Amino acid sequence: MRIKPARRLRGRCHLPGDKSISHRAALIAALANGTSHISNFSTSQDCAATLSCLTALGVSIERQGNRIRVEGKGMRPFRAPASPLNCGNSGTTMRLLAGILAAQDFATILTGDDSLNRRPMKRIIEPLERMGARILSLDGHPPLQITGSKTLKPIRYELPVSSAQVKSCMLLAGLQAKGRTEIIERNGVTRDHTERMLQWFNAPIEFGSDSNKPEARSSAVIGPASLTARDVRVPGDFSAAAFFIAAAALLENSEIEIEGAGLNPTRTQFLDTLRALGTEIDISSEREESNEPVGVIRVNGSNLRENAEKDLSLTISGQLSTALIDELPLLAVVGSQLPSGLMIRDARELRFKETDRIAATAKNLKAMGAAVEEFDDGLRVVGAAHLKGATLETFGDHRIAMAFSVAALLAEGESEITGSECVSVSFPNFFEALESLVER
Ligand code: S3P
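Residues numbered from 1 in each chain as written. Predicted model: local features only at pLDDT ≥ 70, side-chain atom pairs only at ≥ 80, totals over all residues. Heavy atoms only, no water.

Draft legend 1. Expanded view of the overall build of the protein chain. Within the protein chain one finds 14 helices and 24 strands. The C-alpha radius of gyration computed for the protein chain amounts to 21 Å, which stays within 12% of the reference 22 Å derived for 440 residues, consistent with globular compactness. Principal axes of the C-alpha set define a box for the protein chain whose edges measure 60 × 45 × 40 Å. By the burial criterion, 61% of the 440 residues in the protein chain qualify as buried. Counted over contacts in the protein chain with a minimum sequence separation of 6, partners at least 24 positions apart contribute 76%. (Helix = DSSP H or I, 4+ residues; strand = E, 2+ residues; numbered from the N terminus. Rg over C-alpha atoms; globule rule 2.2 N^0.38 Å. Buried < 20%, exposed > 50% of the residue type's maximum accessible area, 1.4 Å probe, protein only. Contact = heavy atoms within 4.5 Å.)

Draft legend 2. The arrangement of the environment of Gly-112 in detail. Among the secondary structure elements, Gly-112 is positioned in the loop between β7 (107–111) and α4 (122–131). Residue class for Gly-112 comes out buried when judged on its relative accessible area of 15%. Considering only alpha carbons, one finds Gly-112 and Gly-11, 101 residues apart in sequence, at a separation of 38 Å.

Draft legend 3. A look at the site of the ligand. With respect to spatial proximity, the complete set of residues near the ligand consists of Ser-20, Arg-24, Thr-92, Arg-95, Ser-163, Ala-164, Gln-165, Arg-191, Ile-325, Asp-326 and Lys-353. With respect to the ligand, the side chain of Asp-326 contributes an N or O atom lying 2.7 Å from an oxygen atom. Here an oxygen atom of the ligand and a side-chain polar atom of Lys-353 are 2.7 Å apart. Its free accessible area being 390 Å², the ligand has 95% of it covered by the protein chains. Those elements giving two or more residues to the shell around the ligand turn out to be α1 (19–31), α3 (91–101) and α5 (164–174). By residue class, the composition of the shell around the ligand is two nonpolar, four polar and five charged. Looking at the shell around the ligand, you find at least three residues from each of domain 1 (2–16 + 235–439) and domain 2 (19–233). (Near = heavy atom within 4 Å. Polar contact = N/O pair within 3.5 Å; in protein donor to acceptor, adjacent residues only side chain to side chain. Areas by Shrake-Rupley, 256 points an atom, 1.4 Å probe, with all protein chains shown as cover. Nonpolar A, V, L, I, M, F, W, Y, C, P; charged D, E, K, R; others polar. Domains from an automatic or database assignment.)

Draft legend 4. The arrangement of the packing of aromatic side chains in detail. On inspection of all chains with the given rule, the structure shows five aromatic pairs. Their ring planes at 15 degrees and their centres at 5.9 Å tell us that Phe-244 and Phe-430 sit as a pair that is stacked. With Phe-244 in helix α7 (residues 238–250) and Phe-430 in helix α14 (residues 430–435), this pair connects stretches of sequence that are 186 residues apart. Taken together, the ring pairs in this structure connect Phe-243, Phe-244, Phe-427, Phe-430 and Phe-431 into an aromatic cluster. Just above the ring of Trp-200 sits the side chain of Arg-230; from NZ or CZ to the centre is 3.6 Å. One residue, Arg-345, lies across the ring of Phe-375, its end atom 3.9 Å from the ring centre. (Phe/Tyr/Trp six-rings, centres within 6.5 Å; stacked < 30°, edge-to-face > 60°. Lys NZ or Arg CZ within 6 Å of the ring centre and 35° of its normal.)

Draft legend 5. Looking closely at the pairing of strand β8 (residues 134–138). Judged from the four bridges that link them, β8 and strand β9 (residues 141–147) form a sheet pairing that is antiparallel. Pairing of Leu-136 across the sheet is with Gln-145, part of β9. Between β8 and β9, which follow one another and run antiparallel, lie two residues, and Asp-139 among them has a positive phi close to 50 degrees. (Pairing = 2+ DSSP bridges.)

Draft legend 6. The arrangement of the nonpolar core in detail. In terms of nonpolar packing, the biggest core is built from 79 residues, with Phe-244, Ile-245, Ile-258, Phe-270, Ile-297 and Phe-404 touching the most fellow members. Ranked by the residues each element gives to this core, the list is headed by α7, at 12 residues. Apart from residues lying up to four places away in sequence, Ile-245 is in contact with Phe-238, Ile-256, Ile-258, Phe-270, Leu-271, Leu-274, Ile-281, Ile-297 and Val-299. In terms of nonpolar packing, the next biggest core, distinct from the first, is built from 68 residues, Ile-28, Met-75, Val-166 and Ala-203 among them. (Core = buried A, V, L, I, M, F, W, Y, C linked by side-chain atoms within 4.5 Å.)

Draft legend 7. Unusual backbone geometry, seen in detail. A cis amide bond links Pro-142 to the next residue, Pro-143, at an omega of 0 degrees. Within the secondary structure, Pro-143 sits in strand β9. Cis geometry marks the peptide bond from Gly-223 to Pro-224, where omega comes out at -5 degrees. For Asp-139, which is not glycine, the phi torsion reads 50 degrees and is therefore positive. One can find Asp-139 in the loop between β8 and β9. The phi dihedral of Asn-253 falls on the positive side, at around 70 degrees, and the residue is not glycine. Residue placement: Asn-253 occurs in the loop between α7 and β15 (255–262). A relative accessible area of 47% means that Asn-253 is categorised as partly exposed.

Spelled out as structure tokens, the structure:
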């Protein structure tokens, strides 16, 4: 994909259904009793992988565009698949499905593409084995062979890494164990879509906090649970919106409106961060859809190179790095335009995403002429860089492709994004949607 610089962004845009929420809606509907209709289901390849795995496990699913119908038959309705289940590029598919398969009375092999097969799985293997599943892996990496147990033991588990995927895996396994499975997050909550979706399907779920550790949160499910089918409307994907929001924030005189965006507070830290930098962002028509907050986001762009306070030195670390996890490469692009640049720390997890996102971000920013220092757990971008058009590598990672498409709009001269088709992993129409907003 070749991208020319833009003057500003103008107009309204519609988002694909949220990827994280779509996975959960399909998986939880498959565990419920009865028929669930899901609308605005994500058009991503990742969510298609979840549907094809469920189909291979014997779940009846009908799809028409972004509407799907799932026939749930309760907690253990699945049949052993004839061949390994391919989760494609999707960590969420593999980790959440593993929680469900841990309680099935047969063995399943989960595999993925080269990127997924390099990602760490010990984080789910260890606690699922403690509950009684048996899991074989290639030194903690996929393919995984999961032999489930009908008699999973409930456990109380403190997450060693902040990860919504691991938390969700454990809650889904806990639904099928006898007793209370409690997951503790020491440093604040990661995205809570699983908890909200379980509530929506009437699952027995409880939340707790610890007065000695104000940051800590816990969620517990009581199994064996019985879920009731429900219709779900999936909100627009905030992480997809973030690319348009950033581009509009950085290009002076931009004005965009994004309809039906998910506004779950565990996902929207990016708005607060941009506001703190001086971007005008307005939220309206707030409402709840299927237990998730949704609304309209309006962004008015200004020149952050000049408007952000000169001595405002922005550091993202600790819980903020977790809250911004999927937006960090994009934030690094934003940081390159701030007078004092940007520092990101405590983000080592970025090295274990679809690609090593710290290395990929640093490499591309440098290719565009920005000065970047890389750390094991983050990076520092020197500000206000004059980005130049360049050949930018995606490393097969959708969020790197989209973050650097935004960078390309700010640059002097044309850029080329190689392997840009990987945007389909989360947002197949990304380039069309971006182009429809761009004014040159
Ligand atoms: C996701 C959780 C996050 C995020 C990923 C989607 C989810 O991963 O980066 O894009 O849907 O639960 P981790 O849980 O590994 O941090």
